[in-house]
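Next come the chains, spelled out residue by residue.
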Amino acid sequence: METENILIRRARVIDPSRQLDRVGDVLIGGGQIIATGRVAVDRIPDGCTIIDGSGLVAAPGFIDLHCHLREPGFEYKETIAAGSKAGAKGGFTTLCCMPNTDPAIDNASVVEFIHQRAREGAVVRILPIGCVTKGRKGKELAEMEELASAGAVAFSDDGDPVYDSNIMKLALAYSADLGRPISNHCQEKSLSCNGVMAEGPVATHLGLDGIPAAAEETMIARDISLAEATGGRLHVAHLSTAGSVALLREAKERGLPVTSEVCPHHLTITDSWVFGNKGAPVDVAGGMAYDTTTKVYPPLRAQTDVDALVRGLADGVIDCVATDHAPHDVISKQVTYQDASFGISVLETALGSLLQLVHGRKLSMGAMVERLTSGPARVLGESYADLASMVPGTPADIVLFDPNAEWTVDPAEFESKGKNTPLAGTTLKGRVAATFASGQMVYQGPELRFGEPRPR
Ligand code: DOR
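Here the structure is a predicted model, which is why all the values come from computation and not from measurement. (Residues numbered from 1 in each chain as written. Predicted model: local features only at pLDDT ≥ 70, side-chain atom pairs only at ≥ 80, totals over all residues. Heavy atoms only, no water.)

A. Structural context of the overall build of the protein. The secondary structure content of the protein amounts to 13 helices and 17 strands. The C-alpha atoms of the protein give 21 Å as radius of gyration, which agrees with the globular expectation for 456 residues (23 Å, within 12%). In terms of overall dimensions, the protein has a C-alpha envelope of 65 × 55 × 45 Å along the principal axes. Expressed as a percentage of the 456 residues in the protein, the buried residues total 59%. In the protein, 75% of the contacts between residues at least 6 apart in sequence involve partners at least 24 apart. Carbon and sulfur atoms make up 50% of the accessible area of the protein, which totals about 17,100 Å². On the protein, the mean spot of the 42 positive side-chain charges and the mean spot of the 57 negative ones are 4 Å from each other. (Helix = DSSP H or I, 4+ residues; strand = E, 2+ residues; numbered from the N terminus. Rg over C-alpha atoms; globule rule 2.2 N^0.38 Å. Buried < 20%, exposed > 50% of the residue type's maximum accessible area, 1.4 Å probe, protein only. Contact = heavy atoms within 4.5 Å. Areas by Shrake-Rupley, 256 points an atom, 1.4 Å probe, with all protein chains shown as cover. Lys, Arg positive; Asp, Glu negative; His and termini not counted. Charge placed at Lys NZ, Arg CZ, Asp CG, Glu CD.)

This is how it looks when you write it as structure tokens:
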């Protein structure tokens, strides 16, 4: 498709695919990157739109390996079109959508349906993830080869673990041949039982059933062992505990090709947020409340876990950030904590949350961008490298963000149908000024400034 020429001038260009971090220009046209660096005036095409990038970061569009777009079956919670707009507003140009839909994405026709809906209404690239087991029931492997041929980029029964060890072993063995990872939601259900939040003092105060760290860690340990036995491609979804980071660290030190992801909420807020006062100290003698928007699986955990996850992300043990964007309808959260659905709407707050770590000097800006671009692209495999690159000739999937713009989270302004966020009313520092997908501007925020256009 023909797209206009756009020149972003004097931005901080961060392209982790070639360790580039320098102030410069980005010229795009025909849906591709034409040049980065200093674009001389006589190389600026006539009629080119000029964007003033000063004070902004220009990077490859973010890739989310884990989000729930709810189609088919749960369109009252989210649609591919609305979720894609939420992604664009959050700086994401590639969204991998999980198969806990109805019907589940367990055969080629559902993959084709996702592609069709994406062609009709999505503003960013949508890559479906296929089920590991038929109907996500955990009993019988899905037709993984059929799913891969239809375009499934990975396999997962997310929302549920692949519980049966032999099925997980077979799936990992196939994953090696198919060159696509198995993203497992690691949860030993005989340990998590009816738990609704992290096991610990907050759960005790609130009288809520706790989920022990071991529920996650025992299954990760099993999966690492199975990956070693089969040579399969294990990707561990949404790590939440310090022990999980230690398991991944040890596996990587032994050279196993296992990868993992962590979510913005597990990196920035703790189980004390379940009290509903956004992490501020609580007078537990003064009566108890809770906020169901904090209910998420895996659960928010203690500060020691948060610290270990941040360190693991910073030093590269954890390969990438994934949102686990889990939009829900209002009623699903306007119930008791026990009855509320698990999940947080994350796509539009992810960048602001992660920048807290950058501003707090716990994560470098370069590492943050890497974990949102090259990191997830590597998990998908070599053929996806171009989606995380600003090298001339690659698709012009770009995010432009202001790392210092302060804004207050108002879920009513979300593009996502899911307004369920514990961050409502909080202030974040940093947001997207514009997002380009294949050279088209698919989101324009208040921080975007145009320069003088060059006359035709
Ligand atoms: O909090 C969560 N919500 N965790 C999951 O694993 C599933 C997700 C959902 O689909 O709502």
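Having seen it, we continue.
B. The arrangement of the site of the ligand in detail. Taken together, 14 residues sit near the ligand, with Arg 70, Asn 100, His 185, Tyr 297 and Phe 342 positioned nearest. Between the ligand and Asn 100 there is a distance of 2.8 Å, counted from an oxygen atom to a side-chain nitrogen or oxygen. Taking 290 Å² as the accessible area of the ligand by itself, protein coverage stands at 93%. Split into classes, the residues belonging to the shell around the ligand amount to four nonpolar, seven polar and three charged. (Near = heavy atom within 4 Å. Polar contact = N/O pair within 3.5 Å; in protein donor to acceptor, adjacent residues only side chain to side chain. Nonpolar A, V, L, I, M, F, W, Y, C, P; charged D, E, K, R; others polar.)

C. Structural view of the nonpolar core. Of all hydrophobic cores here, the largest spans 87 residues; its most connected members are Ile 126, Leu 267, Met 368 and Phe 401. Examining the composition of this core, we find that six residues originate from one element, helix α11 (residues 350–359), more than from any other. Beyond its immediate chain neighbours, meaning those up to four positions away, Phe 401 contacts Leu 56, Val 57, Phe 62, Leu 351, Leu 355, Met 365, Met 368, Val 369, Arg 431, Val 432 and Ala 433. Ranked by size, the runner-up nonpolar core spans 19 residues in total, among them Ala 11, Ile 33, Leu 56 and Phe 436. (Core = buried A, V, L, I, M, F, W, Y, C linked by side-chain atoms within 4.5 Å.)

D. Region of interest: unusual backbone geometry. In this chain, Asp 102 is followed by Pro 103 through a cis amide linkage whose omega measures 5°. The residue after Tyr 297, namely Pro 298, is reached through a cis peptide bond having omega -5°. Following the sequence through the fold, Pro 298 ends up in the loop between α9 (264–268) and α10 (303–314). A positive phi angle is found at Arg 10, which is not glycine, with a value near 55°. The topology assignment puts Arg 10 in strand β1 (residues 6–15). At Gln 19, a residue that is not glycine, the phi angle is positive and equals roughly 50°. Looking at the secondary structure, you find Gln 19 in the loop between β1 and β2 (20–29).

E. Spatial organisation of the sheet that holds strand β6 (residues 62–67). Here we have three strands laid out as an open sheet, ordered β6-β7-β8, and parallel in their pairing. Sheet topology places β6 and β8 (125–128) at the edges, where each strand pairs with a single neighbour. The average angle at which neighbouring strand axes cross in this sheet is 20°, direction not considered. Alignment of strand β7 (residues 92–97) against β8, held across four bridges, turns out to be parallel. Paired with Cys 96 across the strands is Leu 127, a residue of β8. The sheet strands contacting helix α1 (residues 80–90) are β6, β7 and β8, and the helix crosses β7 at an angle near 135°. (Pairing = 2+ DSSP bridges. Axes fitted to C-alpha atoms, helices over the stretch in contact; angles between N-to-C directions.)

F. Representation of the pairing of β6 in the model. Of all six residues in β6, six are buried, a share of seventy percent or more. Where β6 lies against β7, four bridges are found, and the strand directions are parallel. If you follow Phe 62 over to β7, its bridge partner there is Phe 92.

G. Just the environment of Gly 61, in detail. Its place among the elements puts Gly 61 in the loop between β5 (57–60) and β6. Given the relative accessible area of 0%, Gly 61 is considered buried. For the pair Gly 61 and Asp 223, spaced 162 residues apart in sequence, the C-alpha separation works out to 31 Å. The residues touching Gly 61, leaving out its near neighbours within four places in the chain, are Gly 91, Thr 93, Leu 372, Thr 373, Leu 387, Asp 397, Ile 398 and Val 399.

H. Structural view of the sheet that holds strand β9 (residues 182–184). With parallel pairing, four strands are arranged side by side in an open sheet as β9-β12-β13-β14. Here the strands that pair on one side only, and so sit at the sheet edges, are β9 and β14 (320–321). Sheet topology note: the strand β13 (residues 259–262)/β14 ladder contains two bridges and is parallel. The partner of Glu 261 across the bridge, within β14, is Cys 320.

I. Inspection of the pattern of salt bridges at higher detail. Counted by the stated rule, this structure contains 20 salt bridges. Notably, a salt bridge pairs Lys 89 with Glu 348, separated by 3.9 Å at the nearest N-O pair. You can see Lys 89 sitting in helix α1 and its partner Glu 348 sitting in the loop between β14 and α11, a full 259 residues away along the chain. Glu 348 gets classed as buried once you look at its relative accessible area, which sits at 9%. The network of salt bridges with shared partners includes Glu 71, Arg 117 and Glu 120. (Salt bridge = Lys/Arg side-chain N within 4 Å of Asp/Glu carboxyl O.)

J. Fine view of helix α8 (residues 242–253). Here α8 contains 12 residues, and its C-alpha end-to-end distance of 17 Å stays within 8% of the 16 Å for a straight helix at 1.5 Å per residue. Within the sequence span of α8, burial applies to Ser 244, Val 245, Leu 248 and Ala 251. Along the long axis of α8, the arc covered by the buried residues comes to 125°, so they all point the same way. Looking at the buried residues of α8, the elements they touch are α7 (213–230), β12 (234–236), β13 and α10. (Expected span 1.5 Å × (residues − 1). Arc of directions from axis to C-beta.)

K. Main features of a negative patch on the surface. Together, Glu 143, Glu 145, Glu 146 and Asp 177 make up a negatively charged patch on the protein surface. Tracing the sequence through the fold places Asp 177 in helix α4 (residues 165–178). Residue classification places Asp 177 among the exposed positions, given a relative accessible area of 67%. (Patch = residues over 30% accessible without salt bridge, like charges linked within 9 Å, V, L, I, M, F, W, Y side chains within 5 Å.)

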